[in-house]
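Chains, contacts and geometry: an overview
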Amino acid sequence: MSLHSIRLPHQKSSAEAQTAKPILPPKVVISMSQHGGVPCTPLVQVGDEVKTGQLIGSSDAVISAPVHASISGKVTEITDVINIAGKRNTAVVIEASNKQELHESVKPPEVTDRASFIEAVKRSGSVGLGGAGFPTYVKMNYDPNTSSVDTLLINAAECEPYITSDYRAIIESADKLISGIRIIMKYLDIPKACIGIEADKGKAISMLTELCARENGITVKKLPSAYPQGAEKVLIYNVTGRTLKEGELPLSVHCLVMNVSSVIFINDYIKTGVPLIKRRLTLDGNIVNKPINGIVPIGTQLSQLTKPANLRRQPDRVIFGGPMMGSSVYDPEMPIMKTNNAVLFFEGGAASHEPTPCIRCGRCVRACSMNLMPTELESAYDRKDAEALKKLKVNLCMNCGACSYVCPAKRNLSEKNQLAKIFLRNA
């Protein structure tokens, strides 16, 4: 049985362009909440001189991830920023100095066993780079005596239109990806790994297949080029045939799921000690002259990306992430976070359609990979029926947007599902 999916125009114009050289912005604005979980507390003060890779924010909370300086320079401000979700967070502003150098603390960690490996991943500031931003060490810190993992599942699907940052990471660092997989398998004692990748990425599939032929326990699984192939539940089912139920974590079906870029980062950190301070971003959209991927320090402001994006004119709309699950940016000084993988620039505002009555065509039901009934969920939310929302399993919705995309009546189905989940939590 195959899961429901939809076909989207790929628009992968930056796929075969070599990643551009890293840029150095005049300043960075580094939020203390770069991850799912508890925000960090700043460890620096205004006037402090900091170096690249220096720890500038930490928390004692279990679910958190440390934050490091992404450039060398002077702390000029400790301020508040409003993130893409509308939440206010503390941020450290650093103005770049002429001399960029690594902090003395940046050195390869000593890793000898499972515990020291997980501690190293914790200190690295690693979070899920596929967009969720969950601290990586928390995902790895399961008890092997009670939770067995037999498959390390590498998410290389990258199914959203425009985005090619993971694809370029594979093309340019395939050997690092395989090395990172081996490291994780070794220290977490996972017997096998599988790289799940969409069939349209032929060049990457060939490279990985050739490399994996020399590896023991690492395979490549070619997946249909369909959306939302990269969603965790969908990926697990299509690669392993296992079903992740409502409220369960991948550990429940003996899987550990990691994004391609996350694995490459862990490989680099174990070997160099440089923490998570930069991101590879796809810069694309209908007013970008030459779509590219570029390396930018965490905290780089959106206004610093318009030049490397080589825009034909001022954008009417900017999206962090992909067009399906990304968020429109309301502030031209919004800083890049660890979880960003793309910035898309568009001319012409989002099309405005007044929703019309549902025509009961069933397209939204056929599009939903979780087999939900979006029209029934919309109705239950509109009448504020918490019991019906539970019965209809609204919490299985992963906000992929497929239902809204296919709806001929232009109803805001995906949006209503997210509001319904919030309502249900508060009910």
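Quick notes on the rules
- Residues numbered from 1 in each chain as written.
- Predicted model: local features only at pLDDT ≥ 70, side-chain atom pairs only at ≥ 80, totals over all residues.
- Heavy atoms only, no water.
- Pairing = 2+ DSSP bridges.
- Helix = DSSP H or I, 4+ residues; strand = E, 2+ residues; numbered from the N terminus.
- Core = buried A, V, L, I, M, F, W, Y, C linked by side-chain atoms within 4.5 Å.
- Buried < 20%, exposed > 50% of the residue type's maximum accessible area, 1.4 Å probe, protein only.
- Contact = heavy atoms within 4.5 Å.
- Axes fitted to C-alpha atoms, helices over the stretch in contact; angles between N-to-C directions.
- Salt bridge = Lys/Arg side-chain N within 4 Å of Asp/Glu carboxyl O.

1. Thoughts on the sheet that holds strand S1 (residues 27-31)
- The strand order across the open sheet formed by four strands is S1-S7-S6-S3, and the pairing between neighbours is antiparallel. The two strands at the open ends of the sheet, each matched to only one other strand, are S1 and strand S3 (49-50).
- Looking at chain direction, S1 and strand S7 (residues 88-96) are connected through five bridges and run antiparallel. Within S7, the residue paired with Val 28 across the bridge is Ile 94.

2. What about the nonpolar core?
- Counting 50 residues, the largest nonpolar core has Phe 117, Leu 152, Leu 177, Ile 181 and Ile 184 as its most contacted members.
- Looking at this core, the elements with two or more residues in it are helix H1 (114-123), helix H2 (136-140), strand S8 (151-156), helix H3 (165-188), strand S9 (192-198), helix H4 (202-212), strand S11 (255-259) and helix H6 (260-272).
- At 13 residues, the largest contribution of residues to this core is made by H3.
- Those residues within four positions of Leu 152 in sequence are excluded, and the remaining contacts are Ile 181, Ile 184, Met 185, Ile 190, Lys 192, Ala 193, Cys 194, Leu 256 and Met 258.

3. Details of the sheet that holds S11
- Spatial strand order, S10-S9-S8-S11: four strands in an open sheet with parallel pairing. On the outer flanks of this sheet lie strand S10 (218-223) and S11, each paired with one strand and no other. On average, adjacent strands in this sheet sit at an angle of 25° to one another, irrespective of strand direction.
- Two strands pair when backbone bridges link them, and S8 and S9 are joined in this way by six bridges, in the parallel orientation. The partner of Leu 153 across the bridge, within S9, is Cys 194.

4. Quick notes on the pattern of salt bridges
- Scanning the model with the defined rule gives 21 salt bridges in all.
- Note that Arg 123 is salt-bridged to Glu 119, the shortest N-O span being 3.9 Å. Remark: Glu 119 and Arg 123 occur in helix H1; sequence separation between them is four residues, near one turn of the helix.
- Classification of Arg 123 by relative accessible area gives partly exposed; the value is 38%.
- Of the charged contacts in the structure, one is a salt bridge between Arg 242 and Asp 150, with a shortest N-O distance of 3.0 Å. Of this pair, Arg 242 sits in the loop between helix H5 (232-240) and S11 while Asp 150 sits in the loop between H2 and S8, and the two are 92 residues apart along the sequence.
- Through salt bridges with shared partners, one network takes in Glu 16, Arg 168, Glu 172, Lys 203 and Arg 280.

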